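# Examining the three-dimensional arrangement
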Amino acid sequence: MSDSTAVAHGAAESAHHEHPPYQRHHFETVAQQFDATNFAMWLFLLTEVMFFGGLFTAYLIMRNWYYPAFVEGSHQLNVGWGTANTGVLILSSFTMAMGVWSAEVRRKGLLVLFLCITWILGMAFLGIKSIEYTEKWEKHHVPGIHWSESSFLNPRSDPEVYKEYHDKPLAPDMADKTEMYFFLYFAMTGMHALHMIVGISILTFMIIRAQAGAYTTGHVTYVENFGLYWHFVDIIWIFLFPLLYLISRY
Amino acid sequence: MSDAVTIVNLPDQSTARIPKMNYLSKENGLLSWLLTGDHKRIATLYLISITFFFFIGGALAGLIRLELLTPQSDLVATDTYNKLFSMHGIIMVFFFLVPSVPATIGNFVIPMMVGARDLALPKVNLLSWYLYIVAGGMMIYTMAAGGVDTGWTFTTPLSTHYVNTHVITTGLAVFVAGFSSIFTGLNFIVTIHKMRAPGMTWFRLPLFVWSHYAASILMVLGTPVLAITLVLIVLERTIGIGVFDPAKGGDPLLFQHLFWFYSHPAVYIMILPGMGVISEVVSTFSRKRVFGYTAVAFSSVAIAVFGFFVWAHHMFIMGISNYAALIFSLLTMLVAVPSAIKIFNWAFTLYKGSITFETPMLYAFGFMGLFTIGGMTGVFLGATGTDIHLTETYFIVAHFHFVMVGGMLMAFLSGIHFWWPKWTGRMYPEKISQLAAVVTFIGFNLTFFPQFILGTLGMPRRYASYPPEFQILNVFSTAGASVLGVGYLLPVLYLTWSLKYGAIAGNNPWQATGLEWQVQSPPLTENFPEIPIVDHEAYDYEWLERQREKEVASVG
Amino acid sequence: MSEQNYELEHHEGPHIVSPFLYLAILLSLLVATGLTVWMSFIDLGEWRIAPGVTLFWNPVVALAIACTKMMLVVLFFMHVKYSPKLTKLTVGAGLFTFIVLVGMTMADYFTRAWGRW
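Residues numbered from 1 in each chain as written. Chains lettered and ligands numbered in written order. Predicted model: local features only at pLDDT ≥ 70, side-chain atom pairs only at ≥ 80, totals over all residues.

## Comments concerning the overall build of chain C
In terms of helices and strands, chain C carries 3 helices and 2 strands. Reading chain C from its N terminus to its C terminus gives the helix and strand order α-β-β-α-α. When burial is assessed residue by residue, chain C has 26% of its 117 residues classed as buried. Across chain C, every contact between residues at least 6 apart in sequence was considered, and the portion connecting residues at least 24 apart equals 48%. (Helix = DSSP H or I, 4+ residues; strand = E, 2+ residues; numbered from the N terminus. Buried ≥ 20, exposed ≤ 12 C-beta atoms within 10 Å, placed from the backbone. Contact = placed C-beta atoms within 7 Å.)

In structure tokens, the structure reads:
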């Protein structure tokens, strides 16, 4: 190398000697590694935004076209369970953020505690979702596989929902479109649940590693980046909840 | 094209040797390749893989052109013909063009260009290659099982309701390939932002890096929409959901909106890296800095941004509202401007430069002419009035082959030849490569120019049989395709030959600027012995001169 | 050496947000959730902008509340408020592209009913 492209002798040598074990060799400093991986996780979340974006586009168009069907379809969803799930996820976001804080202040016990609570809340969300899905199956509201429109052609045949909302019977061609609503319900919440399952699996692995002390020696990157993913999944639900459950309950 | 005028500067062949320590010799064995994190090895793996798929796609093209020699559907049945052009399109777009320059040359060269030891996420880089291989395997299976015949565009409701072919496996294969692309783009963006060497400011980066940055933004933001669209297609075919089915209240056009939201930026994903190659090659072989660096850099980003606003120009006749057609047509006119800016800038780079005609430069000239024609015809198609008559004819086929093959494939070959000495440490044989470039250019024009005429005369695309008055032009086109095939086969042969018998290249056979040319060929695994500190602008040939003066002085 | 390449200042790591702030955000999010559920039971009426163009307030309010909740999570739980400009730009780019996808697709669907000119 000639003079005008000088070389970083001293720094490279000392950097090599003093870099922590968790710093990868292609990074010059830990700060660079943290920044790069953090940015990478944000970019991945952008891809997730666009991935769900396609589903949201389909939803918005179909809701616009078939509003009465969407209203009556959403009456079939239990507001109590939906609100509970929203609360569960928001709480889990809080505990996840607290987990990241614990890693930053290097308190291993707290970190493991918060990660475990987050895990439990995540499982609770999936539990409630499975109760809801089972109910949908029992009522023949699973499009394509186990479907019947009778609750929309004749709302009185479903007394539980009828006494809350007194829905009018839908014309046959509009009642057909409730299948579209339920398809989007299952597609969007199912895709979301899939992301939750992936998150919980990674969380399981992280709890084990956290217990071994991997994240409380200054290497918060993993926890911080996973936290970003978890919060993102929460944000998706923050939008799914009003769009699917709260279309019109008056 | 006199061989006395050349900028090639090789070391003395009687004493030159390939450097003993380099990324190829560092480790041996299959696992050292299959579990590598080294971006240069991954680039090599990609190069072999995409070449393999290129020839499969090319063979399919050969069969298409053979069928079209005669007006009747006599070589293959019509259904088979549909499968041929569908598989040709899918393989060429998703398994060749999208990863062509980024995953091979980009992977190899970008860390060196920014002054880093590797990409930001080496394991993600390897994952990206494995996803490509898995997707490729699924594609091979699909072909063996009978293929898909919906066209590469999977238009609904044909693909969801009316065909019995392997739409689902193809859709899933493309889904996996999409994630391969996303991870490559993600890696590039992080690397370019966070791994630049000290002194390497944004505006000292080679324009190759800028164009890959722009393409990577498109990959990261656009490809996921394709992914969800394919998921919806698969769900529609399996469970029978009606989101694209009018009978169930869906809209087939929704599929097209979502599909083209990715597939239009996809064409920019395909071309931008090629334009980056051309910037490097034109500068090196005119010995002149790229004219209007800032304009070229910003035009890459502008193409990326505007590329997101124009997708419905693929849908003018499909039933979108006239008002939407108006808006999208207007925006399409705007998106052509940044591409034109680049062509002007390259032309002004050539002006008063010291031009030599080595192979990469021949391909670059081919690119500039053919891409201009292809791009111009794109503008014709962007106007709704003309598009109504020309769409779904051979005019469209000619348009996209001019930009993709005459443009992108030529840029890819230009880049492969340009960086071959750095990649392998050896030079390719110049005379035969120049011949191959000329043969390709002639073959290309003979193949695709008649298709513009066919399109304006009204021959529809995707038809196995056609009215007899179109035969003569089809025969020209097929003749050209044979020439083109020869032109593409030659590089595989002589490049492989050069691995053993090529001249030793030395560090900088082209006397090019750029950090990658300051290190040995082939490079060390860690690229630089020490991270460089950059204090010169991109394409600074005076700096290069001073380097060489100093070198001579120190040897004495 | 390479630090001088960075736009951001790192003292010893990321800015550490106080747990009390997290608690405040949690409570705000739960209140907002309750609010959005409550509002869905009330008919908020509409705004007739032009013949055939009506804006219903319920979905607008629901989306506004959802967007607010999203911003709270993004800015505080995801630390974007304390992150470098690049992170903020990235979030903005994602939102922008999402809006282009939804908005320009809807532009087709909304104008179909306008008929031929």
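So much for the structure itself; the text now carries on.
## Description of the overall build of chain B
On a plain count of helices and strands, chain B comes out with 17 helices and 0 strands. What you see for chain B is a C-alpha radius of gyration of 23 Å, in line with the 24 Å of a compact globule of 556 residues. Viewed in the frame of its principal axes, chain B has a C-alpha envelope of about 80 × 45 × 45 Å. Residues classed as buried in chain B amount to 58% of the 556 residues present. In chain B, once contacts between residues fewer than 6 apart in sequence are set aside, the share between residues at least 24 apart is 86%. (Rg over C-alpha atoms; globule rule 2.2 N^0.38 Å.)

## Here's the deal with the interface of chain B and chain C
Facing 17 residues of chain B, the contacting portion of chain C comprises 17 residues. Broken down by secondary-structure element, the contributors of at least two residues to the side of chain B that touches chain C are α8 (207-238), α9 (252-286) and α11 (322-350) of chain B. Of all the elements, α11 of chain B adds the most residues to the side of chain B that touches chain C, at 4 residues. Classifying every residue of the side of chain B that touches chain C by side-chain character gives 12 nonpolar, 4 polar and 1 charged. (Nonpolar A, V, L, I, M, F, W, Y, C, P; charged D, E, K, R; others polar.)

## With respect to the pairing of strand β2 (residues 53-56) of chain C
Residues and elements named next belong to chain C. In terms of strand pairing, strand β1 (residues 46-50) meets β2 through 4 bridges, oriented antiparallel. Along β2, the bridge assignment pairs Glu 46 with Phe 56. Counting the residues between successive antiparallel strands, the hairpin from β1 to β2 contains 2 residues, one of them, Gly 52, with a positive phi of roughly 85°. (Pairing = 2+ DSSP bridges.)

## Things to note about the interface of chain A and chain B
Taken together, the contact between chain A and chain B spans 38 residues of the former and 44 residues of the latter. The element contributing the most residues to the side of chain A that touches chain B is helix α2 (residues 30-65) of chain A, with 17 residues.

## As for helix α7 (residues 167-194) of chain B
With 28 residues, α7 of chain B should cover 40 Å at 1.5 Å per step; its first-to-last C-alpha distance of 40 Å lies within 8% of that length. Taken across its 28 residues, α7 of chain B has 25 buried, putting it largely inside the fold. (Expected span 1.5 Å × (residues − 1).)

## Here we look at the environment of Thr 54 of chain C
Residues and elements named next belong to chain C. With respect to the element layout, Thr 54 can be found in strand β2. C-alpha of Thr 54 to C-alpha of Tyr 82: the two residues are 28 residues apart in sequence and 40 Å apart in space. Contact partners of Thr 54, with chain neighbours within four places excluded, come to Glu 46, Trp 47, Arg 48 and Ile 49.

## Notes on the domain arrangement of chain C
Each assigned domain of chain C is listed here: domain 1 (15-81) and domain 2 (84-117). Placing the centre of domain 1 of chain C and that of domain 2 of chain C at their C-alpha centroids yields a distance of 20 Å. (Domains from an automatic or database assignment.)

## Some words on the environment of Gly 58 of chain B
Residue and element names in this part refer to chain B. With respect to the helices and strands, Gly 58 occurs in helix α2 (residues 39-67). On the neighbour-count criterion, Gly 58 (19 C-beta atoms within 10 Å) is partly exposed. Sequence separation between Gly 58 and Tyr 494 is 436 residues; the distance between their C-alpha atoms is 19 Å.

## Regarding helix α3 (residues 85-112) of chain C
Compared with an ideal rise of 1.5 Å per residue, which puts 28 residues at 40 Å, α3 of chain C spans 40 Å between its outermost C-alpha atoms and is within 8% of the ideal. In this structure, the buried residues of α3 of chain C make contact with α2 of chain A, α8, α9 and α11 of chain B together with α2 (57-77) of chain C.

## Describing unusual backbone geometry
The omega torsion across Thr 156 of chain B and Pro 157 of chain B is -5°, close enough to zero to call that bond cis. Position of Pro 157 of chain B relative to the elements: it lies in the loop between α5 (122-145) and α6 (158-162). Cis rather than trans, the peptide bond between Ser 521 of chain B and Pro 522 of chain B has omega equal to -15°. Relative to the helices and strands, Pro 522 of chain B resides in the loop between α16 (471-501) and α17 (541-555). Positioned with a positive phi, His 140 of chain A is a non-glycine residue whose angle comes to about 60°. Positionally, His 140 of chain A belongs in the loop between α5 (108-138) and β1 (141-142).

## Considerations on the packing of α2 of chain B against α16 of chain B
Residue and element names in this part refer to chain B. At a minimum axis distance of 10 Å, the contact between α2 and α16 shows a crossing angle of 160°. Here α2 lies roughly antiparallel to α16, going by the angle between them. Judged by the sense of rotation from one axis to the other, the crossing of α2 with α16 is left-handed. Two secondary-structure elements touch here, α2 through Thr 51, Gly 58, Ala 61, Gly 62, Arg 65 and Leu 66 and α16 through Ser 477, Thr 478, Ala 481, Gly 485, Tyr 488 and Val 492. (Axes fitted to C-alpha atoms, helices over the stretch in contact; angles between N-to-C directions. Parallel < 35°, antiparallel > 145°, perpendicular 65-115°, else oblique. Left-handed = near helix turned anticlockwise from the far one by under 90°.)

## So, the nonpolar core
Counting residues in each nonpolar core, the largest one holds 274 residues, and the members touching the most others are Ala 40, Leu 43 and Leu 184 of chain A together with Val 114 of chain B. Both domains that furnish three or more residues to this core are identified here as domain 1 (15-81) and domain 2 (84-117) of chain C. Sequence-distant contacts of Val 114 of chain B, defined by excluding residues within four places in its chain, comprise Thr 191, Ile 192, Met 195, Arg 196, Ala 197, Met 200, Leu 205 and Val 209 of chain B. (Core = buried A, V, L, I, M, F, W, Y, C linked by C-beta atoms within 7 Å.)

## A short note on the packing of α2 of chain B against α5 of chain B
Packed helices, taken two at a time, are described by the angle their axes make and the gap between the axes. Residue and element names in this part refer to chain B. Two elements in contact, α2 and α5, have axes whose closest approach is 10 Å; the angle formed by their N-to-C orientations is 15°. Taken together, the axes of α2 and α5 are roughly parallel relative to one another. When the axes of α2 and α5 are compared, the crossing they make is left-handed. Facing His 39, Ile 42, Leu 45, Tyr 46, Ser 49 and Phe 53 of α2, the residues of α5 in contact are Pro 122, Asn 125, Leu 126, Trp 129, Tyr 132, Ile 133 and Gly 136.

## A closer look at the confidence of the model for chain C
Residue and element names in this part refer to chain C. When pLDDT is averaged across chain C, the result is 87; 85% of the residues are at 70 or more. Ignoring residues within four places in sequence, the model shows residues 1-12, a span with pLDDT below 50, making 17 contacts including any to other chains. Scored by ipTM, the complex comes to 0.93, with pTM at 0.94. (pLDDT = per-residue confidence, 0-100.)

## Some thoughts on the environment of Thr 525 of chain B
Residue and element names in this part refer to chain B. Considering the arrangement of structural elements, one finds Thr 525 in the loop between α16 and α17. Residues Thr 525 and Ser 25, 500 residues apart in the sequence, show an inter-C-alpha distance of 9.2 Å. Setting aside residues up to four positions removed in sequence, Thr 525 forms contacts with Tyr 23, Lys 26 and Asp 38.

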